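Residue-level structural notes
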Amino acid sequence: MPVGTQGSVKAIEQRELDEIGAQIILGNTYHLYLRPGTELVKSAGGLHKFIGWRKPILTDSGGYQVFSLNDLREIEEEGVTFKSHLDGSSHVFTPESVVRIQRELGSDIMMVLDECAPFPSDLEYTRRSNALTIRWAERCKQAFVTGSGLYGHSQALFGIVQGSVYPEIRRESARALVDIGFDGYAVGGLAVGEPAEVMYSMIEVCEPLLPGSQPRYLMGVGTPINLIEAVARGIDMFDCVLPTRNGRNANLFTRNGSINIRNAKYKTDFDAPDDECRCYTCSNFSRAYLRHLFQVKEILGLQLATIHNLAFYLWLMSCMREAIKEHRFDAWSKSMITRLRQEETPLPE
Ligand SMILES: [Zn+2]
């Protein structure tokens, strides 16, 4: 899912998202609640109409953003009180209010309010935090089943498995959420600074406990290799800012590893950014031209890099779907990972 934090996937139009085959995008409840505000989105007829996107939208619960505000928030049983990063005004998110806000936004997939424990968190803190997250998940489910959508389409509600890097808490969390019953299950609280191997082992811990017939969503991940390793462990859905954010920083993902298009070696390189890619950028423009656009700070550089990176991520996911259907995922993933490692420059976790 391309990430459209404020109702816009940065540097790319909805028309282009459609053209590259994006099936669903993500919006951030926290940001949209503050600006433009849910009342305005509601009077526009919901988020789809407001932003001109007809395909599905997933909204997060706002929890992750609120809990990133460290000294601007206070957690209690009822919910979390936080101060807006914009003007310092005080707000409260409760399990019930985030369901109501997401009803008003009209997203197709809504997420429960959870506490994303910081990394590292000790065992005792994680245990208490997870117990609260489970109680909040129950309240979200209750608010969900007693309400209904405002715009005539159905909405799904996903639970979020927490538990930091502690296998026993991850298992408790997964079991409790499955008991409550959700339309899909996210694995949250990963990709927050722990080593990739730890992230993979936490997915392995949760996977056998989550129903195979429902989607599993790994939140906030990751590099192309992270995606392949997570799919190998049973994950179906992802959201990540890497393709868009890195694109705007001149970092292009290719089948042969990522490249920094600002690099001097591309000055006279008239090949496509990725010669196997069929996206608009690679079909029409050279590495030399993209480098030039970044050198002279033309907006088109950000747009073309974003189109390519998102097209690349969607291509990678479609390859995995095909390989799974044709029972050749293991062989495909081994050769793809070898290719991706070739030049991939280390990315920040
Ligand atoms: Zn491309």
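A few points on the structure.

Section: the coordination of the zinc ion
Protein-derived coordination of the zinc ion comes from Cys277 (SG), Cys279 (SG), Cys282 (SG) and His308 (ND1), at a distance range of 2.1 to 2.3 Å. The coordination sphere of the zinc ion comprises four donor atoms, whose angles at the metal cover 95 to 119°; the geometry is tetrahedral. For the zinc ion, the donor residues sit on a single chain with the sequence spacing C-x1-C-x2-C-x25-H. Relative accessible area serves as the criterion here: at 8%, Cys282 is assigned to the buried category.

A short note on unusual backbone geometry
Cis geometry marks the peptide bond from Arg35 to Pro36, where omega comes out at 10°. The linkage connecting Val221 with the following residue, Gly222, adopts the cis geometry, with an omega of 5°. With respect to the helices, strands and loops of the structure, Gly222 is situated in the loop between strand S9 (216-218) and helix H10 (224-232). One non-glycine residue, Lys297, lies in the positive phi region at around 60°. Relative to the assigned elements, Lys297 resides in the loop between helix H13 (287-295) and helix H14 (299-325). Even without a glycine there, the phi angle at His327 is positive, about 55°.

Comments concerning the sheet that holds S9
Pairing is parallel in the open sheet, where seven strands are placed in the order S1-S2-S6-S7-S8-S9-S10. The sheet is open, and its two borders are formed by strand S1 (25-27) and strand S10 (237-238), each paired with just one other strand. Judged from the three bridges that link them, strand S8 (residues 184-187) and S9 form a sheet pairing that is parallel. Considered in S9, the bridge of Tyr185 is made with Arg216. This element, helix H7 (residues 123-145), spans strand S6 (109-111) and strand S7 (156-161) of the sheet and lies at about 175° to S7.

Some words on the layout of surface pockets
Its boundaries defined by the atoms lining it, the second largest pocket holds a volume of some 540 Å³. In terms of lining, the second largest pocket is formed by 23 residues, of which the most central are Asp236, Met237, Phe238, Met317 and Arg321. Per element, the largest residue contribution to the lining of the second largest pocket is seven residues, and it comes from H14. By residue class, the composition of the lining of the second largest pocket is 17 nonpolar, three polar and three charged.

Re the environment of Gly63
Within the secondary structure, Gly63 sits in helix H5 (residues 63-67). By relative accessible area, Gly63 is classed as buried at 0%. Along the primary structure Gly63 and Tyr30 are separated by 33 residues, whereas in three dimensions their C-alpha atoms are 7.7 Å apart.

Focus: the environment of Tyr217
Note on placement: Tyr217 falls in strand S9. Aside from chain neighbours lying at most four places away, what touches Tyr217 is Met1, Leu26, Leu58, Met111, Phe158, Tyr185, Ala186, Val187, Met237, Phe238 and Asp239. In terms of polar contacts, Tyr217 uses its side chain to reach the side chain of Asp239, at 2.7 Å.

Here's the deal with the pattern of salt bridges
Scanning all chains against the criterion turns up 15 salt bridges. With a shortest N-O distance of 2.9 Å, Glu13 and Arg15 are connected by a salt bridge. Residue classification places Glu13 among the partly exposed positions, given a relative accessible area of 35%. The exposed category is assigned to Arg15, whose relative accessible area is 56%. Between Arg255 and Asp274 there is a salt bridge, and its shortest N-O distance comes to 2.8 Å. In this pair, Arg255 sits in the loop between strand S11 (251-254) and strand S12 (257-260) while Asp274 sits in the loop between S12 and helix H12 (280-284), placing the two residues 19 residues apart along the sequence. Through salt bridges with shared partners, one network takes in Glu78, Glu96 and Arg139.

Considering the sheet that holds strand S5 (residues 90-93)
The antiparallel open sheet is built from three strands, whose spatial order is S3-S4-S5. Two strands lie at the open edges of the sheet, namely strand S3 (73-75) and S5, each paired on one side alone. Here the average twist between neighbouring strands, direction ignored, is 15°. With four bridges joining them, strand S4 (residues 80-83) and S5 adopt antiparallel strand pairing. Across the sheet, Thr81 pairs through a bridge with Val92, a residue of S5.

Some details on empty space enclosed by the protein
The final tally for this structure, using the stated rule, is two cavities of 30 Å³ or more. The space that makes up the largest cavity amounts to roughly 40 Å³. If you trace the largest cavity, you find it lined by Ala117, Pro118, Phe119, Gln162, Ser164, Val165, Gly189, Leu190, Val192 and Glu194. The residue makeup of the lining of the largest cavity, split by class, is six nonpolar, three polar and one charged. Its volume calculated, the second largest cavity comes out at about 30 Å³. Along the walls of the second largest cavity sit Gly4, Gly7, Ser8, Ile25, Leu26, Gly27, Leu32, Leu47, Ile51 and Ile57, which together make up its complete lining.

Cut-offs and rules
- Residues numbered from 1 in each chain as written.
- Predicted model: local features only at pLDDT ≥ 70, side-chain atom pairs only at ≥ 80, totals over all residues.
- Heavy atoms only, no water.
- Donors = N, O, S within 2.8 Å, 3.2 Å for Na, K, Ca; no water.
- Tetrahedral: all angles 85-135°; square planar, octahedral: opposite > 155°, others 65-115°.
- Buried < 20%, exposed > 50% of the residue type's maximum accessible area, 1.4 Å probe, protein only.
- Helix = DSSP H or I, 4+ residues; strand = E, 2+ residues; numbered from the N terminus.
- Pairing = 2+ DSSP bridges.
- Contact = heavy atoms within 4.5 Å.
- Axes fitted to C-alpha atoms, helices over the stretch in contact; angles between N-to-C directions.
- 1 Å grid on protein atoms, 1.4 Å probe; cavity = no way out; pocket = protein on both sides within 12 Å on 5 of 7 lines; lining within 4 Å.
- Points joined across faces, edges and corners; volume = space filled by probe spheres on them.
- Nonpolar A, V, L, I, M, F, W, Y, C, P; charged D, E, K, R; others polar.
- Polar contact = N/O pair within 3.5 Å; in protein donor to acceptor, adjacent residues only side chain to side chain.
- Salt bridge = Lys/Arg side-chain N within 4 Å of Asp/Glu carboxyl O.

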